[in-house]
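# Breakdown of the fold
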There are 2 protein chains.
Amino acid sequence: MFRDRIRYAPLLDKITEAHEAASHIKDGTNLFISGFAAGYPKEVPKELARRAANGEEFKINIFAGASTGEELDGLLAKAGIVGMRRPYMGDRAMRKMINEGKIRFKDDHLSQLSQMVRAGDCGTVDMALVEAAAITEDGNIIPTLSVGNTPSYVQKADKIIIEMSGEDPPTMEGIHDIYVPEDPPYRMPIPIYRTSDRVGKPFIDLDPNRVVGVVFSKSSESYHHFSEPGEVPKSIAHRILDFVRHEIKKGRLPKGLPWQGGVGDVANAVLSQFADDDFFDEMDLYSEVLPDSVLDLIDRGKMRCASGSAVTFSKQARERFFERIDNYKRHMILRPVEISNNPEIIRRLGVMAINTALEVDIYGQVNSTHTLGSHLMNGIGGSGDFERNSALSFMVTPSTAKNGLISAVVPMVSHVDHSEHSVDIIVTENGLVDTRNLTPRQAAEAIIKNCAHPDYQDALWDYFHRAVTERGGHEPHILEEAFSFHTRFLEKGDMHL
Amino acid sequence: MFRDRIRYAPLLDKITEAHEAASHIKDGTNLFISGFAAGYPKEVPKELARRAANGEEFKINIFAGASTGEELDGLLAKAGIVGMRRPYMGDRAMRKMINEGKIRFKDDHLSQLSQMVRAGDCGTVDMALVEAAAITEDGNIIPTLSVGNTPSYVQKADKIIIEMSGEDPPTMEGIHDIYVPEDPPYRMPIPIYRTSDRVGKPFIDLDPNRVVGVVFSKSSESYHHFSEPGEVPKSIAHRILDFVRHEIKKGRLPKGLPWQGGVGDVANAVLSQFADDDFFDEMDLYSEVLPDSVLDLIDRGKMRCASGSAVTFSKQARERFFERIDNYKRHMILRPVEISNNPEIIRRLGVMAINTALEVDIYGQVNSTHTLGSHLMNGIGGSGDFERNSALSFMVTPSTAKNGLISAVVPMVSHVDHSEHSVDIIVTENGLVDTRNLTPRQAAEAIIKNCAHPDYQDALWDYFHRAVTERGGHEPHILEEAFSFHTRFLEKGDMHL
Ligand SMILES: CC(C)(COP(=O)(O)OP(=O)(O)OC[C@H]1O[C@@H](n2cnc3c(N)ncnc32)[C@H](O)[C@@H]1OP(=O)(O)O)[C@@H](O)C(=O)NCCC(=O)NCCS
Ligand SMILES: CC(C)(COP(=O)(O)OP(=O)(O)OC[C@H]1O[C@@H](n2cnc3c(N)ncnc32)[C@H](O)[C@@H]1OP(=O)(O)O)[C@@H](O)C(=O)NCCC(=O)NCCS
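Residues numbered from 1 in each chain as written. Chains lettered and ligands numbered in written order. Predicted model: local features only at pLDDT ≥ 70, side-chain atom pairs only at ≥ 80, totals over all residues. Heavy atoms only, no water.

As annotated in an unreviewed UniProt entry, chain A carries the name Acetyl-CoA hydrolase and is attributed to Dethiosulfatarculus sandiegensis.

Here you go:
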């Protein structure tokens with residue numbers, strides 16, 4: 001069965017065992033892998049971990065599309081062989097080591113890494129390690145359920161290892177649209193004018209001469225966990241839908257702007273709510289990751305096109321996807337992340353972006369990446385690409401975290417990823433504030449009143465009023481107290497007074 | 001002479017006095033003016049100030065392109081008749097009132113306001129008040145030395161007042177390139193593929209029926225002050241040129257990427273240095289404002305094209321410009337700010353952006369807008385548009401301010417406009433740090449060592465080392481002490497220990 005997937009004879013000669021292929025990866029190797037939520041290699045990583053367990057001392061630098069599963073980031077982090085990692089990750093074990101300073105992590109805007117790698121800004125591209133569903137008759141790669149930075153990695157790598165997926169059937173061929181832009185200064189527009197435009201090839205160009213091994217993969221990857229949206233995400237989702245419906249009815253927002261939904265429960269909940277909403281019928285999603293709810297929307301005939309760089313499917317969704325693949329393929333496109341997150345396209349199409357914050361402050365500054373100022377959660381991912389270039393940008397968060405012990409609305413966020421200039425609308429389960437015509441002081445009043453949890457409103461009002469009278473300014477702050485919520489939590493594990 | 005400039009007879013009938021025209025502006029009027037460093041109206045504002053001085057009570061909301069001169073922002077602020085102002089300003093009197101909460105100021109990314117106004121997101125477009133150099137045979141507007149948001153304001157306004165400039169000769173006709181994009185979701189790419197591409201008309205479309213008055217202007221506007229770059233800006237400029245030269249020689253940066261230079265002495269200094277540098281010969285500037293040095297570069301045959309939304313000329317430069325206008329016109333383009341700052345074009349062309357910070361922190365977060373956390377300086381302007389979408393983004397600042405009493409490198413900036421993710425390279429007169437391959441901890445070590453002023457390095461090292469050991473994390477911070485430099489300055493007027 002595996003051999004059938006390799007439709008280009010010369011690559012049959014390169015079939016090898018994982019340990020053979022992995023022998024090309026040594027201390028100091030810059031390893032450029034496929035993988036963006038899905039579609040990451042599994043066999044070679046296992047082999048690398050085995051070598052480490054056997055006492056070999058080496059470190060590699062891993063460049064991916066975005067996060068991968070425990071079988072890659074978790075395994076290699078625990079094996080102690082990751083020197084550097086970029087541009088985004090979501091694994092607990094790896095996170096811990098990054099925060100301990102044991103793994104060097106660089107947090108890039110996802111849309112930018114491919115171009116930097118092609119320019120040579122990230123060092124030598126020693127090895128690409130990519131998962132494939134099939135090899136075409138001409139020796140090119142059909143990727144699995146993500147694209148990420150793979151096309152540029154394969155274009156630039158000195159050596160290439162291919163892991164043939166044993167899990168995902170090659171029937172998905174045709175879902176990908178692989179377009180690698182020229183590099184500046186001489187390049188033409190990216191010719192995507194509608195979400196559904198296909199502008200590239202259904203495969204990744206490959207130079208078979210650089211392939212040093214083709215490995216068969218018997219492992220399956222960790223599925224995303226899908227839970228029915230709870231009351232908080234649902235309430236946030238309803239507020240967004242009501243707001244957008246209202247703006248469209250008032251004539252201030254055209255119908256038909258594509259949506260983007262970030263990672264996390266709330267973004268999923270918003271998409272789920274569309275399924276039961278009659279107002280939103282002909283939808284486009286110009287996004288980064290495509291969750292389970294996309295399949296519902298396609299089945300109900302509401303989704304014109306869902307474009308992204310990867311899927312984040314649960315086990316059930318993956319099975320359902322492959323069962324009716326011909327149907328879903330007509331409404332889904334997987335693109336390189338340089339294209340899915342491209343400022344040019346996001347601005348042109350007028351995307352409405354919804355991303356999740358860890359905390360927001362009374363003036364609308366947003367923290368998506370660091371808890372209590374210092375500790376990395378996952379990374380900025382594509383949230384910057386979308387928030388800053390969209391036609392309308394939403395930032396959502398439950399009003400509290402850790403069972404209410406943490407207020408997600410604070411006097412000043414302890415880290416800023418998205419400034420007030422790039423965030424239009426803030427939403428919690430308590431309310432929605434459109435800051436587009438508000439000064440910082442007006443935004444503060446609205447955010448405290450509408451978004452903050454009632455438990456924390458008094459303390460926020462107190463801070464704000466004293467900041468205005470004692471310090472003044474366009475965005476009044478009492479710098480000595482700006483982090484009082486955070487330091488209180490650090491001291492007694494609770495932000496309540 | 002004035003009447004010659006109006007080549008469309010029906011508008012001759014609308015010639016009127018400033019006080020007549022101004023009578024259309026009332027309490028609550030949303031006033032959309034031309035003006036972006038240059039090219040703002042002067043007569044009607046004078047008249048409005050006169051009415052206020054005579055005891056009339058009214059407030060207007062002013063939307064401009066960006067900053068204007070004292071004869072507009074300063075005058076109207078002092079007259080107490082400005083309710084709201086956006087998207088950027090630079091006037092001392094107005095700044096003071098904004099910081100006192102007496103004028104509501106909204107700080108927008110410059111590239112975004114036109115689209116928002118067209119969509120109706122900023123309220124009714126009651127009145128456009130625009131300066132013109134001439135009216136064409138078909139009744140369209142030739143603007144003066146800025147374009148800003150004027151085309152969209154004129155497109156949407158219920159009523160229009162035109163101030164015919166008595167200062168700038170209409171020989172500049174042909175320098176402008178007016179292209180107003182379609183609105184999302186259905187629009188095609190903006191067809192600019194090289195800095196020098198012209199894609200629009202040399203005039204602003206006007207519906208003469210909406211013109212309620214044409215006023216002759218006898219006033220001239222405040223010229224920009226030009227001073228020879230001092231040692232600090234020069235040193236910063238040299239570091240940037242050396243770095244770029246080195247990257248080009250190493251093959252990591254293609255030759256021919258266009259430059260952008262922000263406002264302030266340092267950006268000017270960089271452009272000045274090009275004139276005497278043999279390496280940089282065929283230059284393009286895809287920028288927002290065009291300073292004096294552009295004329296030198298054109299005269300020396302080094303500038304292929306300087307594209308911006310406005311000029312910031314000194315008196316001498318303005319005279320020189322008009323003396324040899326036919327020559328300069330061939331190498332200069334003035335565009336709407338929605339185009340000069342457009343993410344699509346900035347990303348496509350691969351602009352190298354240089355903008356000025358008030359302060360940077362050890363992890364590379366940047367503050368461009370608020371001193372000591374609270375007090376607005378000017379606004380974010382176009383710095384976000386460029387820093388976040390450029391191929392290479394520089395942030396520059398002298399290492400100290402206020403004669404050394406303020407360190408421009410601090411443990412944590414007191415306001416964030418540009419996050420570490422969007423800023424590649426930090427430069428002070430002491431050194432340059434390329435953060436593109438550095439983790440936050442590595443960036444901190446390099447920035448303290450190379451960018452901070454020697455006077456402040458010990459205190460920064462102390463903070464950083466204790467943050468690492470006492471708190472840890474990916475970006476270690478001691479939140480109680482993060483603003484200790486600022487609070488020290490607030491207490492004793494000096495950041496030194
Ligand atoms: C911000 C982000 C982490 C939220 O994701 P989520 O799944 O909704 O997160 P949760 O609410 O489960 O919170 C994650 C953890 O942070 C904690 N947390 C949440 N808010 C917190 C806060 N203000 N302070 C401290 N901890 C907080 C939660 O308690 C939880 O801790 P746990 O793992 O110990 O249970 C996630 O959206 C993200 O990584 N965003 C950045 C990248 C991005 O937006 N990509 C999309 C672009 S297309
Ligand atoms: C940041 C910015 C204000 C610097 O401009 P500049 O002319 O070089 O500024 P200066 O160095 O003269 O500083 C301006 C004032 O701020 C003060 N200042 C500078 N750094 C400071 C700091 N870290 N803390 C407090 N005050 C500071 C200066 O002392 C000076 O005060 P003064 O007016 O009382 O003399 C200016 O570039 C700006 O407005 N940038 C944002 C918009 C932008 O980048 N637009 C370009 C996009 S194309």
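Below, the discussion takes up the site of ligand 2. Residues and elements named next belong to chain B. Taken together, 22 residues surround ligand 2, and among them Arg92, Gln260, Leu358, Asn378 and Lys402 come closest. One of the backbone N or O atoms of Leu358 is found 2.9 Å from a nitrogen atom in ligand 2. Here Lys402 contributes a side-chain N or O atom positioned 2.8 Å from an oxygen atom of ligand 2. A total of 970 Å² of accessible area belongs to ligand 2 in isolation, and the protein chains cover 78% of it. Of the residues that constitute the shell around ligand 2, the class distribution is seven nonpolar, eleven polar and four charged. Both domain 2 (223–342) and domain 3 (357–379 + 400–496) contribute no fewer than three residues apiece to the shell around ligand 2. (Near = heavy atom within 4 Å. Polar contact = N/O pair within 3.5 Å; in protein donor to acceptor, adjacent residues only side chain to side chain. Areas by Shrake-Rupley, 256 points an atom, 1.4 Å probe, with all protein chains shown as cover. Nonpolar A, V, L, I, M, F, W, Y, C, P; charged D, E, K, R; others polar. Domains from an automatic or database assignment.)

According to UniProt, the positions carrying the feature "domain: Acetyl-CoA hydrolase/transferase N-terminal" (unreviewed entry) are residues 8–215 of chain A. For residues 8–215 of chain A, the end-to-end C-alpha separation is 15 Å, with 25% helix and 18% strand making up the annotated structure. (UniProt positions renumbered as here; feature names shortened; annotations may be inferred. Helix = DSSP H or I, 4+ residues; strand = E, 2+ residues; numbered from the N terminus.)

Here the focus is the interface of chain A and chain B. A common measure of how large an interface is: the accessible area buried when the components associate. Contact with chain A, which involves 84 residues of that partner, is made by 84 residues of chain B. Looking only at chain A, the three residues that lose the most surface to chain B are Arg347, His421 and His474 of chain A, adding up to 12% of its buried area. Across the pair Asp121 of chain A and Arg436 of chain B runs a salt bridge, and its minimum N-O distance is 3.2 Å. Here chain A and chain B share 50 residue pairs in polar contact (both at pLDDT 80 or more) between them. Contributions of two or more residues to the side of chain A that touches chain B are made by α5 (92–99), β4 (104–105), α6 (113–119), α14 (343–349), β19 (375–376), α15 (383–389), α16 (440–450) and α18 (484–492) of chain A. At five residues, the largest contribution of residues to the side of chain A that touches chain B is made by α14 of chain A. Grouping the constituent residues of the side of chain A that touches chain B by class yields 29 nonpolar, 33 polar and 22 charged. (Contact = heavy atoms within 4.5 Å. Buried area = accessible area lost by both parts, 1.4 Å probe. Salt bridge = Lys/Arg side-chain N within 4 Å of Asp/Glu carboxyl O.)

As a further point, take the sheet that holds strand β17 (residues 366–367) of chain A. Residues and elements named next belong to chain A. Strand order in the open sheet made by the three strands is β17-β16-β23, with mixed pairing throughout. Each edge of the open sheet carries a strand with a single partner, namely β17 and β23 (409–410). As judged from the two bridges shared by strand β16 (residues 359–361) and β17, these two strands associate in the antiparallel manner. Bridging from a neighbouring strand, Val360 pairs with Val366 of β17. (Pairing = 2+ DSSP bridges.)

As a further point, take the domain arrangement of chain A. Residue and element names in this part refer to chain A. Along its sequence, chain A is carved into domain 1 (2–216), domain 2 (223–342) and domain 3 (357–379 + 400–496). Residue-level contacts link eight residues of domain 1 with seven residues of domain 3. Interface area, domain 1 with domain 3, both sides summed: about 630 Å², of which 50% is carbon and sulfur. Counting across the domain 1 and domain 3 interface gives zero salt bridges. The interface formed by domain 1 and domain 3 includes four residue pairs in polar contact (both at pLDDT 80 or more). Looking at the side of domain 1 that touches domain 3, the element that brings in the most residues is α5, giving three residues.

For the rest of this paragraph, the subject is the relation of the copies chain A and chain B. If you rotate chain A by 180° and push it 0.0 Å along the axis, it lands on chain B with an RMSD of 0.0 Å. Such a turn and shift between the copies fits a two-fold axis. Relative to the rotation axis, the C-alpha of Glu344 of chain A is the closest in chain A, positioned 1.9 Å from it. In this assembly, 100% of the residues forming the interface of chain A have copies in chain B that are likewise at the interface, indicating an isologous arrangement. (Least-squares fit on C-alpha atoms with pLDDT ≥ 70 in both.)

Here we come to the packing of helix α4 (residues 70–78) of chain A against α5 of chain A. All names here are of chain A. It is the contact of α4 with α5, at a shortest axis distance of 7 Å, that shows an interaxial angle of 45°. Here α5 runs oblique to α4, going by the angle between their axes. Crossing angle aside, the handedness with which α4 passes α5 is left-handed. Seen from α4, the contacting residues are Asp73, Gly74, Ala77 and Lys78; seen from α5, they are Ala93, Met94 and Met97. In terms of residue class, the contact of α4 with α5 is built from four nonpolar, one polar and two charged. (Axes fitted to C-alpha atoms, helices over the stretch in contact; angles between N-to-C directions. Parallel < 35°, antiparallel > 145°, perpendicular 65-115°, else oblique. Left-handed = near helix turned anticlockwise from the far one by under 90°.)

A word on the environment of Glu47 of chain A. Residues and elements named next belong to chain A. Note that Glu47 resides in helix α3 (residues 43–53). The exposure class assigned to Glu47 is buried, which follows from its relative accessible area of 10%. Along the primary structure Glu47 and Pro343 are separated by 296 residues, whereas in three dimensions their C-alpha atoms are 38 Å apart. Here Glu47 is in contact with Ala18, His19 and Ala22, once residues within four sequence places are set aside. Among the polar contacts made by the side chain of Glu47, one reaches the side chain of Arg50 at a distance of 2.6 Å. (Buried < 20%, exposed > 50% of the residue type's maximum accessible area, 1.4 Å probe, protein only.)

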